[in-house]
Structure formats: structure tokens, C-alpha cells
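Breakdown of the fold
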Amino acid sequence: MRKVMLKIIREQGHVFVNICEPELLGKTFRKGDIRLEVNREFYAGEEVSLDFAFTLFNEASVVSIIGREIVDEAIRRGYVARESVLEIEGVKFAQVYNL
């Protein structure tokens, strides 16, 4: 199973689960006025299996997902609606809110 970078941030009673494909870490993508920055502060954590990362979705207030393969898998599993995905320079980005 695919390995992903996972960072969990607990702040002010919220849980932010941030997941990205490791090869995207530290890169910036642009489309017009939109800039998608896969910064280390927000996404660099531990490398885990994608299956493990999905087990954290229900406890998260917000999940941020960056990467074509992992966003597609989140769509297949029913976490993300295809029409809510943003694509910049071929890189997919989605967020899930459980507020």
C-alpha cells in the first residue's frame, strides 16, 4: 500500500490531519492566482501507510489531502466528492471538514 506523509496538529480543540504524497513535500504549484504550497511545517510528519492515514479521518476536524493517488483513493472510499477537488499543475488537493 502507498506510503504517505502524515502530520497531525491538535490546536484549540480541533484535530487537523494533513496528508501528502512524499515526493510533493516542499514544492509549490500555481494556477493563475492560486498557489498550493506543500510546506514542511504543515505536512512533514511521519511516513505511514495510506490505510493507516484513512483510519484518522473520523477523529479529525479537518483533513487536508495533497496528491493525485491519495485524493483519488479518498474519492473511491467516499471521503471526498470528485467535484470538490482542486487540481493545480496536475496535483490534486482536497479537504474534508468534520466540524
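Right above here is the structure, for reference.
Since the structure is predicted, the reported quantities are computational estimates derived from the model, not experimental observations.

Examined against the element boundaries, Ser 64 turns out to sit in strand S6 (residues 62-66). Overall, the relative accessible area of 2% leaves Ser 64 in the buried class. Reaching out from Ser 64, the side chain makes a polar contact with the side chain of Gln 95 at a distance of 2.9 Å. If we ignore the near neighbours within four places in the chain, the residues touching Ser 64 are Val 17, Asn 18, Ile 19, Phe 42, Tyr 43, Phe 93, Ala 94 and Gln 95.

It is worth spelling out the environment of Phe 54 at this point. Mapped onto the fold, Phe 54 is located in helix H2 (residues 50-55). For the pair formed by Phe 54 and Leu 99, sequence separation is 45 residues and the distance between their alpha carbons is 17 Å. Beyond its immediate stretch of four places on either side in the chain, Phe 54 contacts Ile 70, Glu 73, Ala 74, Arg 77 and Tyr 79.

Across all of its chains, the model carries ten salt bridges by this definition. Here Glu 73 ties to Arg 76 by a salt bridge, and the two come within 3.0 Å at their closest N and O atoms. Of this pair, Glu 73 and Arg 76 are both found in helix H3 (residues 68-76), three residues apart, which corresponds to roughly one turn of the helix. The salt bridge involving Glu 73 is made with Arg 77; its shortest N-O contact spans 2.8 Å.

Criteria and thresholds
Residues numbered from 1 in each chain as written. Predicted model: local features only at pLDDT ≥ 70, side-chain atom pairs only at ≥ 80, totals over all residues. Heavy atoms only, no water. Helix = DSSP H or I, 4+ residues; strand = E, 2+ residues; numbered from the N terminus. Buried < 20%, exposed > 50% of the residue type's maximum accessible area, 1.4 Å probe, protein only. Polar contact = N/O pair within 3.5 Å; in protein donor to acceptor, adjacent residues only side chain to side chain. Contact = heavy atoms within 4.5 Å. Salt bridge = Lys/Arg side-chain N within 4 Å of Asp/Glu carboxyl O.

Purely spatial values, then, with no claim about function.
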